[in-house]
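Report on the structure
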Amino acid sequence: MDLESGSFRNQAKKESWLTVLTLAYQSLGVVYGDLSTSPLYVYKSTFAEDIQHSESNEEIFGVLSFVFWTLTLVPLIKYVFIVLRADDNGEGGTFALYSLLCRHARVGFLPNGQVADEELSTYKKDDCGGGSDGGGGGGGGGAAIRVKAILEKHKVLQQVLLILALIGTCMVIGDGVLTPAISVFSAVSGLELSMSKEHHKYVEVPVACLILVCLFALQHYGTHRVGFLFAPVVVIWLLCISSIGVYNIFHWNPSVYQALSPYYMYKFLKKTRREGWMSLGGILLCITGSEAMFADLGHFSQLSIKVAFTSFVYPSLILAYMGQAAYLSRHHVIESNYHIGFYVSVPERLRWPVLAIAILAAVVGSQSIITGTFSIIKQCSALGCFPKVKIVHTSSKIHGQIYIPEINWLLMVLCLAVTIGFRDTKRMGNASGLAVITVMLVTTCLMSLVIVLCWRRSVALALLFILFFGSIEALYFSASLIKFLEGAWVPIALSLAFLLVMYIWHYGTLKKYEFDVHNKVSINWLLSLGPSLGIVRVRGIGLIHTELVSGIPAIFSHFVTNLPAFHQVLVFLCIKSVPVPYVHASERFLIGRIGPKEYRLYRCIVRYGYHDVHADDTEFEKDLVCSIAEFIRSENSEPNGGAVDDAEVERMAVVGTTSMRVLCEEDEEVGTSETPKAKKKNKKKVRFVLPEGPTKLDSGARVEMEELMEAREAGLAFILGHSHMRAKSGSGLVKRLAIDYGYDFLRKNCRGPDYAVSVPHASTLEVGMIYHV
C-alpha cells in the first residue's frame, strides 16, 4: 500500500501487535546495523590509550561501567523515551526537528513561503509528538511565545539555528564516510589472529578496500533486492555476540556484573585521570548509530523501534560488552594492540564463523548509514541548502530507497582514503566518535527548543534536558576533540567543506530570489499590453518556470522584449518546497488566474515536502493540466464566476486533480515493418469529460476548457531562466568570492532547474540573464 504521508503510514502500522513486531524485526536490519557492530572496536579504541590493566580490574570495570551507563542514558532514555516523540508527521532526523521549529516560529530559510502553506494538513502545529496541551508544563504557553518572539526578532539567532542544523547534517555526511571504513576494517581485523604479522599487514587493508568498493558499486541496484537479508544478518550477529558474552561471563568472571555500579566510573577517572578522560573518545563509540533510531523513524513507527531496542538490541549489547570485560579481567597481559580487540574474546573454534558474520553485519551497518546519507542530502537539496543532484528511486514499492550517483562515488573515494590513510582502528575511532557526538549535541540543542516551542513545556524543563544530556555529550565531545591530530581532524575537515558548499549555495539561492522579487514586473504592465497583449499567440501551452509566488518574473519581460510571441495558454509555474515531510496530492497544486479570462494566463504553484517523490514529466504534465481544468470548473461554479476586480490581486485556490474526471489515452501505432524507422512515436491525447446536467459549464468556461484541451494536444514548452549571477560593483571581498566564484562554480557543475522539474530537453527554451546581486 503506497500511502502519502508519514502520519498515515504510522497510523496504518499501529493497527496490531503483529504489525508492530513485524516492523520491529525489519528495523533491526535498517536501524541497528551500525549500533550492533560497535562491540568490534570499542574496547580496542578505548585501551589504545596509555592505560595499563592492574590485577584489580578497576580500569576494565570502569570502562564497562561507562559503556553500560552511556548506552542506558543516551540511546535508551534520551532517544527511545524522549527524542522519538518529536517526530514531524512520522519523520525524524535533524531536518525534522528544524522543520518543526520553522513551523512554530518564523525562522525558516525558505523565502517563498505563503500563508496558504500553513493550511496544509501536514503543517499542523497543535499536535506535535510531545502531546502537550496549550498550557502544559507550568506556563509553557507563555514561555513559547517569549522564545518565539526572541527568535523572530533577532536574525543572528536564526542564522545560528540554521548553521547548527547544517553542522549536524554535515556531520551525518561525514559519518557516512567514517562508519563504513571503521566497521569493515574492524570486522576484517579478525584475520590478524589467524595470520602472522608479516602477512597480515599486506592483507587487511586490501580486503577491507575490496569490500568497500563492492559495497558502493552495488548501491545503484538498490537495497530492496537484498534488503530481506539485512534483518536476519543483524539478528544472527546480536545472538552471536550475546551468546559469546554469556559464555565469557560464566566461564571467566561471573562477578563482572558489579561493574554496572556507577561507582566504578568514579574509581576509573580517579585512578587514570587524564588518560582516562581521553579514553572516553573510545567509549563513545558504543553509541555509534544511535541517531539512526530517530533519523529512520519515517520507515517504521515509534513503538516498533522502541520494542526492537529495549527487548533485543539493548540487552544483547550489554551482554556482549560484559562478556568482553569478563575475558579481559582474566587476561591482563597485553602483548599487542589487537589482544584487546573483540575477536580475542571469541572461542578459537568459533572465530572464522564469527568473522564471516561480523563482515556481513558491518556491510549491513554501512549500508544503513550510506542510505541515510542519501536521504539527508535529498532533504537539504529540497530545502535549498544543497546543490541539485541526480536522485534515482531504486524501488517503486519501498519508500525512501534512493540512490545519488555523485554522492555515492564521492563517499567511496573518501572512505577508501580514510581506510588507506589511517589503517588503524584507533584513529578511525577518534574521527568517527567526534562526528557521532557532534550530531547528538545538535539534536540535544534543537530538542530543547522543540520542548518549549512545539511541546509548550516550561523553559526550566528544556534547560534541565540540555544540561543533563548536554553535559554528558559535552564530556565525550571534549575527549574526542582533544585528539584532533590523531584522526579527529577528519570529520571537522569534511564538515567544513560540506558546510561551505551548503552555505554558499543557500546564500546564492537567497540572493537570486531577492533579485527576482526586487525586479519582478507588475501584472498591470502585462495587462497594459491589451487583450491581445500585442504579441503573437502560438498554439500550445507555455510553462514559465519561476521561483516567485506572485508577480511576473523579470525573465519573462526579458523574453517578451526579445521575442514577442508566446503560447495560447501561458502558465507561470513555481515548484517549491515547504517545511513538511509530505504534501498530499489533493493539496499539492495552488492555481490562480492572472488577468481576465480571455488572456488565458494562469499561475500554478506546486508544493512538495522534503521527502516527497517528484512525479516524472508525463505524470506531472497530466496533473498540471488536470489541475488547471479543475480550477476552471470550480471557478465556474462560484456565484460571481470567480472574477477578480483588482488586477494585482490573484485568487489562488487549492486544487485536487482527483475530482476532475479525465480520460487520458495513449495510442501506439506501429507499422508493418519491424525496423525502428517504421515505428511511430506515441501520440498522447487528453480529453476531458465535461460535466453535464446541474453542474453544466457556462459557454465561457466550456470554451476555455476546450482551448486548454487543444493547447495540451499541441504540446507543452518549458521556458527556463538561465541566470548568471555576479556581485554588484563595490561588494565586499567575501561576497564576491561567494557569488562570482563559489556559487557560479556550483551552478555550472551541478544539475539545473530543468532536472528539478523533470523537463524534457526537446521542449525546453532557456532565456539567459545576468543577475547583479
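In the nomenclature of an unreviewed UniProt entry, the protein is known as Potassium transporter of Acorus calamus. A UniProt comment under Subcellular location (unreviewed entry) is attached to the protein, and it reads "Membrane". Quoted verbatim from the Sequence similarities (unreviewed entry) field of the UniProt record, the comment on the protein reads "Belongs to the HAK/KUP transporter (TC 2.A.72.3) family."

1. A word on unusual backbone geometry
Backbone geometry at Arg456 places phi at a positive 55°, although glycine is not the residue there. The residue Arg456 is located in the loop between helix H18 (425-453) and helix H19 (459-481) in this model. Residue class for Arg456 comes out partly exposed when judged on its relative accessible area of 30%. One non-glycine residue, Arg600, lies in positive phi territory at about 60°. In this structure Arg600 comes out as buried when scored by relative accessible area, which is 10%.

2. Some details on the nonpolar core
Ranked by size, the top nonpolar core spans 165 residues in total, and within it Tyr32, Leu71, Phe309, Tyr321 and Met447 carry the most contacts. Top element by residues in this core is helix H8 (residues 155-188). It accounts for 16 residues. Those residues within four positions of Phe309 in sequence are excluded, and the remaining contacts are Tyr32, Leu35, Pro75, Leu76, Val80, Met293, Tyr314 and Pro315. Within the second largest apolar cluster, 29 residues are counted, among which are Phe515, Phe556, Ile719 and Leu746.

3. Focus: the pairing of strand S10 (residues 716-726)
When a strand is regular, its side chains alternate between the sheet's two faces. Pairing analysis gives four bridges linking strand S3 (residues 536-545) to S10, with the strands arranged parallel. Pairing of Ile541 across the sheet is with Leu716, part of S10.

4. As for the sheet that holds strand S7 (residues 652-655)
Taken together, the seven strands give an open sheet; going across it, the order is S7-S5-S6-S4-S3-S10-S11, and neighbouring strands pair in mixed fashion. Each edge of the sheet is formed by a strand with only one pairing partner; in this case those strands are S7 and strand S11 (764-772). On average, each strand axis in the sheet is tilted by 25° relative to the strand beside it, whichever way the strands run. Bridge count between S3 and strand S4 (residues 565-577): eight bridges; the pairing is parallel. What sits directly across from His545, in S4, is Leu573. Against the sheet, helix H24 (residues 699-714) contacts S3, S4, strand S5 (589-593), strand S6 (601-608) and S10, and its axis sits at roughly 80° relative to S3.

What counts, and where the lines are drawn
In this numbering scheme, every chain counts its residues from 1 along its sequence in written order. Owing to the predicted nature of the model, reporting of local features is limited to residues with pLDDT of at least 70; listing and counting of side-chain atom pairs is limited to 80 or more, with chain, interface and lining totals taken over all residues. Calculation of side-chain values draws on the structure's entire complement of heavy atoms; hydrogens and water are dropped beforehand. UniProt positions are given in the numbering used here, feature names are shortened, and annotations may be inferred rather than shown by experiment. Note on conventions: DSSP H or I runs of at least 4 residues are helices, E runs of at least 2 residues are strands, and numbering of each starts at the N terminus. The cut-offs for exposure are 20% and 50% of the maximum accessible area for each residue type, with area from a 1.4 Å probe on protein chains only; residues under the lower value are buried, those over the upper are exposed, and the others partly exposed. Definition used in this section: a nonpolar core is a set of buried Ala, Val, Leu, Ile, Met, Phe, Trp, Tyr and Cys residues joined via side-chain atoms within 4.5 Å. Note on contacts: a residue pair qualifies if any of its non-hydrogen atoms lie within 4.5 Å across the two residues. The rule for pairing is simple: two strands pair if DSSP sees at least two bridges between them. Every axis corresponds to a line fitted to the C-alpha atoms, with the helix fit spanning only the stretch in contact, and the corresponding angles, defined between N-to-C directions, vary from 0 to 180 degrees.

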